[in-house]
Amino acid sequence: MSNIRRQRNFQGRDFRKKRQPDPLNRRKRSRLMSRIRAYGSKMEISFVAMLKSSCDEMFEINDRTLIGKPDIVFRRVKVCVFLDSDFWHGWQYPRWRHLLKSEFWRRKIQRNRERDKEVTRRLRRQGWTVIRLWEHNLAGDAGNALTLITSSILVDDAARNSKSGLFL
């Protein structure tokens, strides 16, 4: 038995393993990757359905008028929510970057991470509360994410009312 301790993530994947050759050829991989959409994913649809049933506040989905195109926007209280995919937005990216097949994907995910930081910074400067939720958090326990969003809405609403003198 080896004394080497394996580093694993929450799904039990080993981050220390060596990179394997891609089992798909270039054409099949391209076709597969082109089918991944920016919105309308199963994760997004199921989370929005849960949010509709648990929240009375009106919201918009996939708002293209705001920078970064937030997945969920509560315009009245200036709260926007991003539902970030673990892979495309690089959750724990430095741990698994070496497993990517080409420099193209490394640059792409790194640019996505940098863009996410810049979008968050700019929206916060404009007075928005920005919430970023990772895919694995939604898969594990979406209830915590719903609680985070509803409490942010209440806090922002209370702060807005206190500025106008209507705080209870």
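Because the structure is a prediction, the values reported are computed rather than measured.

**Thoughts on the overall build of the protein**
Inference 1: Per the secondary structure count, the protein includes 6 helices and 4 strands.
Inference 2: Reading the protein from its N end, one meets helices and strands in the order α-α-β-β-β-α-α-β-α-α.
Inference 3: Burial status across the protein gives 35% buried among its 168 residues.
Inference 4: By element, 53% of the accessible surface of the protein is carried by carbon and sulfur atoms, the whole surface being about 11,700 Å².

**Observations regarding the nonpolar core**
Inference 1: One finds Phe-47, Ile-72, Phe-74, Leu-133 and Ile-149 to be the most contacted residues of the largest nonpolar core, which totals 20 residues.
Inference 2: Among the elements of the structure, helix H2 (42-54), strand S2 (72-74), strand S3 (79-84), strand S4 (129-134) and helix H6 (142-163) are those that each provide at least two residues to this core.
Inference 3: The element best represented in this core is H6, accounting for 5 residues.
Inference 4: Ile-149 has contacts with Phe-47, Leu-51, Phe-74, Val-81, Ile-131 and Leu-133, leaving out every residue within four places of it along the chain.
Inference 5: Core analysis: the second largest hydrophobic core is formed by 8 residues, Leu-66, Val-73, Phe-82 and Val-119 among them.

Criteria and thresholds
Residues numbered from 1 in each chain as written. Predicted model: local features only at pLDDT ≥ 70, side-chain atom pairs only at ≥ 80, totals over all residues. Heavy atoms only, no water. Helix = DSSP H or I, 4+ residues; strand = E, 2+ residues; numbered from the N terminus. Buried < 20%, exposed > 50% of the residue type's maximum accessible area, 1.4 Å probe, protein only. Areas by Shrake-Rupley, 256 points an atom, 1.4 Å probe, with all protein chains shown as cover. Core = buried A, V, L, I, M, F, W, Y, C linked by side-chain atoms within 4.5 Å. Contact = heavy atoms within 4.5 Å.

Geometric values such as these leave the question of function open.
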